[in-house]
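# A structural walkthrough
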Amino acid sequence: MDNLKLLHAIFNTAIDGIITIDSQGLIETMNPAALRLFGYEEEEVSGENISVLIPKPDKGAHNGYLHRHQDTGKKRIIGTGREVLGLKKDGTTFPFRLAVSEVEYENRKIYTGFIHDLSKEKEAEENLKKYTSELEAKIKERTQNLEHLINDLEKARDEADRSMEKQKELNLLKTRFVSMASHEFRTPLSSIQLSALLIDKYLEKLEPENILKHTAKIKNSVAHLTGILNDFLSLEKLEAGKTKALLQSFDLVKFSEELIEEMQLIAKQNQNIVYQHTGAISHVYLDPALLKNAAINLVSNAIKYSGENTFIEFNSEVDEAEVCITVKDNGIGIPEEEQKHLFQPFFRAHNTGNIPGTGLGLNIVKRYVELMGGKVIYHSAQHEGTSVSLIFKNR
Ligand code: ATP
Ligand code: MG
């Protein structure tokens, strides 16, 4: 095979594209690999300016390079393997590595460009980038999930701590209840015991009047014990968060009148509960059961801690903005230095002497009132009496 044929064979079978241009930048030859890469037939491109194969924005710049090279002899593009973009016939572009060499042939300069397609490498690179960023996103997501998990775990731990704390409080409460009960239960229980003995005796003597007196005493003591147990159960239910306010609309005046009628029955001799309502409206939106419990507590305190032949004032006031219920007595009052403990469970002021009580009432009142969105305020001075008000926003 002669040299020319060999060169032809190499030119035609080369895997990389080979393009030659003249010093004006016009295409002279393109080997089959180059034609395939750019998607042209030979006759479509031969004689065309090389710029048809170059996409914007480099399109025009190519001639500039060529001229600069010819003027200065500086080998700016010659020889170096640059990564550039090629423009295919169908308008799409592809990346390739370009190496240019200059050939002196028959007294003129021609330039040969070797074109090594980089589409596959670029694609692989892109895929790798995509894969990496997908991986990063996944890691981020996993990290976030992990953070959420840790958050949830911390919350659960706090919750457990809180419930342990609650449990401790509840246990303390129960312990205090037992010591209170062993004290408070003694009087009514011995009174029941005594009445039972006396009933036996009066039965022998056939004295029904005395028997009735003592059955009444027994009933009273039992009611008292039931009251204490009920208070404790209310407190336990409150502690467990099981008490909910069921708000509804009702007539406060009617409610108060019924309550006072009931309480008047257990008042002391000549202790008069006087009721007064202020305001044109009497409907309120509260929980009647919780309110009744709270009001009974206040009135029974007023009865307990004030003497015979006194007045107890029960006032209700409703206007556009507020609902206010006040119970006022002229009793023993609460010593000022002890008032700060007033709402603590089991608190009893030292001036209560042998007046029975558990110290749970006002704590329950306050918590019921707060469940209905209200507040408790009080004024008291020893020997001068006490007034306690329940205040709610009117809705
Ligand atoms: P309970 O109501 O549980 O039977 P209690 O009356 O002792 O017992 P609270 O109603 O909580 O308990 O009241 C706490 C304490 O506050 C009372 O023991 C008493 O010292 C004082 N107190 C409450 N109301 C009055 C009042 N109207 N006058 C004088 N002291 C009062
Ligand atoms: Mg009380």
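Residues numbered from 1 in each chain as written. Chains lettered and ligands numbered in written order. Predicted model: local features only at pLDDT ≥ 70, side-chain atom pairs only at ≥ 80, totals over all residues. Heavy atoms only, no water.

In the annotation of an unreviewed UniProt entry, the protein is listed under the name Sensor protein FixL and assigned to Adhaeribacter arboris. What the UniProt record of the protein gives under Function (unreviewed entry) is the line "Putative oxygen sensor; modulates the activity of FixJ, a transcriptional activator of nitrogen fixation fixK gene. FixL probably acts as a kinase that phosphorylates FixJ." (UniProt positions renumbered as here; feature names shortened; annotations may be inferred.)

What follows covers the sheet that holds strand β4 (residues 93–105). Strands sit in the order β2-β1-β5-β4-β3 across an open sheet of five strands; the sheet is antiparallel. Since the sheet does not close on itself, it has two edges, and those belong to β2 (27–30) and β3 (81–87), each with one partner. Taking the axes of each pair of neighbouring strands and ignoring which way they run, one obtains an average angle of 35 degrees across the sheet. Alignment of β4 against strand β5 (residues 108–117), held across ten bridges, turns out to be antiparallel. Residue pairing for β5: phenylalanine 96 is matched across the bridge by aspartate 117. (Pairing = 2+ DSSP bridges. Helix = DSSP H or I, 4+ residues; strand = E, 2+ residues; numbered from the N terminus. Axes fitted to C-alpha atoms, helices over the stretch in contact; angles between N-to-C directions.)

Close to ligand 1 lie 21 residues; Asn301, Arg348, Ala349, Thr358 and Leu362 are nearest. Here an oxygen atom of ligand 1 and a side-chain polar atom of arginine 348 are 2.7 Å apart. Relative to its free-state accessible area of 590 Å², ligand 1 is covered by the protein chains to the extent of 95%. Looking at the shell around ligand 1, the elements that each hand over two or more residues are α9 (288–304) and α10 (361–371). Considering every element that reaches the shell around ligand 1, the biggest residue donor is α9, with three residues. Looking at side-chain class alone, the shell around ligand 1 contains eight nonpolar, nine polar and four charged residues. (Near = heavy atom within 4 Å. Polar contact = N/O pair within 3.5 Å; in protein donor to acceptor, adjacent residues only side chain to side chain. Areas by Shrake-Rupley, 256 points an atom, 1.4 Å probe, with all protein chains shown as cover. Nonpolar A, V, L, I, M, F, W, Y, C, P; charged D, E, K, R; others polar.)

Leu252, Leu291, Phe314 and Leu390 are the most contacted members of the largest nonpolar core, which has 52 residues in total. Ranked by the residues each element gives to this core, the list is headed by α9, at eight residues. Counting only domains with at least three residues in this core, you end up with domain 2 (124–239) and domain 3 (248–393). Leaving out residues up to four positions away in the same chain, leucine 291 has contacts with Phe250, Leu252, Phe255, Leu286, Ile325, Met372, Leu390 and Phe392. The next biggest cluster of nonpolar side chains, apart from the first, holds 20 residues, and it includes Ile21, Leu35, Val45 and Val84. (Core = buried A, V, L, I, M, F, W, Y, C linked by side-chain atoms within 4.5 Å. Buried < 20%, exposed > 50% of the residue type's maximum accessible area, 1.4 Å probe, protein only. Domains from an automatic or database assignment. Contact = heavy atoms within 4.5 Å.)

This part is about the domain arrangement of the protein. You'll often see interface size given as the accessible area lost when the parts meet. Domain assignment breaks the protein into domain 1 (3–117), domain 2 (124–239) and domain 3 (248–393). On a C-alpha basis, the centroid separation for the pair domain 1 and domain 3 is 103 Å.

This paragraph deals with a negative patch on the surface. A surface patch of like charges, here negative, comprises Glu317, Asp319, Glu320 and Glu322. Locating glutamate 317 in the fold gives a position in strand β9 (residues 311–318). (Patch = residues over 30% accessible without salt bridge, like charges linked within 9 Å, V, L, I, M, F, W, Y side chains within 5 Å. Salt bridge = Lys/Arg side-chain N within 4 Å of Asp/Glu carboxyl O. Lys, Arg positive; Asp, Glu negative; His and termini not counted. Charge placed at Lys NZ, Arg CZ, Asp CG, Glu CD.)

Looking now at the UniProt feature "coiled-coil region" (unreviewed entry) in the protein. Per the UniProt record, the feature "coiled-coil region" (unreviewed entry) sits at residues 121–173. End C-alpha to end C-alpha, residues 121–173 measures 76 Å, and it is 100% helix and 0% strand.

Attention now goes to the side chain of glutamine 339. With respect to the helices, strands and loops of the structure, glutamine 339 is situated in the loop between β10 (322–329) and α10. Classification of glutamine 339 by relative accessible area gives buried; the value is 11%. For glutamine 339, the residues in contact, after removing those within four places along its chain, are Ile334, Tyr378, Ser380 and Ala381.

Our focus in this paragraph is the environment of isoleucine 150. Tracing the backbone shows isoleucine 150 in helix α5 (residues 119–184). The exposure class assigned to isoleucine 150 is partly exposed, which follows from its relative accessible area of 45%. For the pair formed by isoleucine 150 and isoleucine 273, sequence separation is 123 residues and the distance between their alpha carbons is 60 Å.

This brings us to the pattern of salt bridges. Using the criterion set out here, one finds 14 salt bridges in the structure. Across the pair glutamate 239 and arginine 367 runs a salt bridge whose closest N-O atoms are separated by 3.0 Å. Of this pair, glutamate 239 sits in helix α7 (residues 208–239) while arginine 367 is found in helix α10, placing the two residues 128 residues apart along the sequence. Glutamate 239 sits in the buried class, given a relative accessible area of 12%. The class of arginine 367 is partly exposed, set by a relative accessible area of 23%. Beyond isolated ion pairs, a larger network of salt bridges with shared partners links Glu83, Arg97, Lys122 and Glu125.

Here we have five strands laid out as an open sheet, ordered β7-β9-β10-β12-β11, and mixed in their pairing. Only two strands of the sheet have a single neighbouring strand rather than two, namely β7 (272–278) and β11 (375–381). Within this sheet the neighbouring strands show an average axis-to-axis angle of 10 degrees, counted without direction. With seven bridges connecting them, β7 and β9 associate as parallel partners. Opposite asparagine 272, over in β9, you have phenylalanine 311 as the bridge partner. Lying over the sheet, α10 contacts β11 and β12 (385–393), oriented at roughly 145 degrees with respect to β11.

You can see serine 389 is positioned in strand β12. Serine 389 gets classed as buried once you look at its relative accessible area, which sits at 9%. Along the backbone, serine 389 and valine 327 are 62 residues apart, and their C-alpha atoms lie at a distance of 6.5 Å. Not counting chain neighbours up to four residues away, the residues in contact with serine 389 comprise Cys324, Ile325, Thr326, Lys375, Val376 and Ile377. Among the polar contacts listed, one links the side chain of serine 389 to the side chain of threonine 326, at a separation of 2.9 Å.

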